[in-house]
Amino acid sequence: KAKKLLEKLSIDKNQWYACLHLREGNYAGYSEVRNCSLEHYIPTINFINSIGGKVIKMGNKSMQKAPENVDLLDYATSENKSDLLDLYLINNCKLFIGTNSGLGMLAYLLKKDVINVNFHDFIGAFFGNSKGTLFKNFYLKPEKKKISPLELINSNEYKDYIVNLLDNKSTNLIVEENTAEQILD
């Protein structure tokens, strides 16, 4: 059944692909800290395409459609989107690139190679199949001094950040998504 659904997506069964999931917030609510934008992933998408792969954008139908000038399969917003095909696509991908999400956890459970991008906390960042984790950019207020993940986790600001994140309160940290250059690297 999944293979028949896959035919509707016009994916060559012999072509390798990477699944890409970005958290936009439409599904589980807006979060300035957790959300990220597709525009920063375009150089990485272009790189994957240049070495013979395809990128499939995962997610749900409430996500923004990818711009037409971005060479990826916007499966998330397609009419062929289904839970069964989600499982099939992730199970057969060469690589899963994603934010901290349920689809990322599914990739771990299916023992796929995972690259975590735009992680805003350390939960789930180092599970078994993780090939790398790129944390969001953290800065201390008010001078916007960038701090490393190690400095962050050892700081009182991180403890306050986690507690306040759950309560949607402000913290002494500024959190910005990864740049296109960071993601491509």
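Residues numbered from 1 in each chain as written. Predicted model: local features only at pLDDT ≥ 70, side-chain atom pairs only at ≥ 80, totals over all residues. Heavy atoms only, no water.

Participant: Would you mind going over the pairing of strand 6 (residues 137-140) with me for this structure?
Facilitator: Side chains on a regular strand alternate between the two faces of the sheet. Side chains of strand 6 alternate between two faces, with N137 and Y139 and F138 and L140 buried alike. Where strand 6 meets strand 8 (residues 173-176), 4 bridges bridge the pair, whose relative direction is antiparallel. Residue pairing in the sheet places Y139 in a bridge with I174 of strand 8. The sheet contact formed by strand 6 and strand 7 (residues 145-147) spans 3 bridges and is antiparallel. Across the sheet, the residue bridging to F138 is I147, located in strand 7. Counted along the chain from strand 6 to the antiparallel partner strand 7, the turn is 4 residues long, and its residue K144 has a positive phi close to 55°. (Buried < 20%, exposed > 50% of the residue type's maximum accessible area, 1.4 Å probe, protein only. Helix = DSSP H or I, 4+ residues; strand = E, 2+ residues; numbered from the N terminus. Pairing = 2+ DSSP bridges.)

Participant: Where do I start with helix 2 (residues 42-50) in this structure?
Facilitator: Think of an α-helix as 3.6 residues a turn; residues three or four steps apart then line up on the same face. Within helix 2, burial applies to T44, I45, I48 and N49. Buried residues of helix 2 fall within an arc of 140° about the axis and therefore sit on the same side. Residues of helix 2 that are buried in the fold lie against strand 1 (17-21), strand 2 (54-58), strand 3 (95-98) and helix 7 (180-184). Phi for G52, located one or two positions after helix 2, is positive at around 95°. (Arc of directions from axis to C-beta. Contact = heavy atoms within 4.5 Å.)

Participant: What is the right way to read the state of the cysteines from this model?
Facilitator: Note: disulfide means a covalent bond formed between the sulfur atoms of two cysteine side chains. This model, assessed by the stated rule, comprises 0 disulfides. Left unpaired, C93 is separated from the closest cysteine sulfur, that of C19, by 4.0 Å. (Disulfide = S-S within 2.5 Å.)

Participant: Sorry, what's going on with the packing of aromatic side chains here?
Facilitator: For any pair of aromatic rings, the description rests on two quantities: the centre-to-centre distance and the angle between the ring planes. The tally for this structure, following the rule as stated, stands at 0 aromatic pairs. One cation-aromatic arrangement involves K144 over Y139; the distance from NZ or CZ to the ring centre is 4.9 Å. (Phe/Tyr/Trp six-rings, centres within 6.5 Å; stacked < 30°, edge-to-face > 60°. Lys NZ or Arg CZ within 6 Å of the ring centre and 35° of its normal.)

Participant: Looking at this model, I keep getting lost on the sheet that holds strand 8. Mind explaining?
Facilitator: Where strands meet in a sheet, backbone hydrogen bonds hold them as pairs that are either parallel or antiparallel. An order of 7-6-8 is seen for the 3 strands of this open sheet, with the pairing classed as antiparallel. Only two strands of the sheet have a single partner each, and these edge strands are strand 7 and strand 8. If you compare each strand with its neighbour and ignore which way they point, the axes differ by 35° on average. (Axes fitted to C-alpha atoms, helices over the stretch in contact; angles between N-to-C directions.)

Participant: I keep staring at the side chain of T44 and nothing clicks. Help me out?
Facilitator: Within the secondary structure, T44 sits in helix 2. On the basis of relative accessible area, T44 is assigned to the buried category, the value being 11%.

Participant: Mind showing me how you'd approach the pattern of salt bridges here?
Facilitator: Pairs can form between side chains of opposite charge once their charged atoms are near each other. Inspection of the entire model under this criterion finds 5 salt bridges. Notably, a salt bridge pairs K57 with D74, separated by 3.3 Å at the nearest N-O pair. Separated by 17 residues along the polypeptide, K57 in strand 2 and D74 in the loop between strand 2 and helix 3 (83-92) bring together distant segments of the chain. K57 gets classed as buried once you look at its relative accessible area, which sits at 1%. Judged by its relative accessible area of 14%, D74 is buried. Here D113 and K131 are joined by a salt bridge, their closest N and O atoms 3.7 Å apart. (Salt bridge = Lys/Arg side-chain N within 4 Å of Asp/Glu carboxyl O.)

Participant: Please clarify how a nonpolar patch on the surface should be interpreted in this entry.
Facilitator: Taken together, the side chains of F47, I51 and L184 define a hydrophobic patch exposed on the protein surface, amounting to about 280 Å² of accessible area. Within the fold, L184 resides in helix 7. (Patch = residues over 30% accessible without salt bridge, like charges linked within 9 Å, V, L, I, M, F, W, Y side chains within 5 Å. Areas by Shrake-Rupley, 256 points an atom, 1.4 Å probe, with all protein chains shown as cover.)

These values are about where atoms sit, not about what they do.
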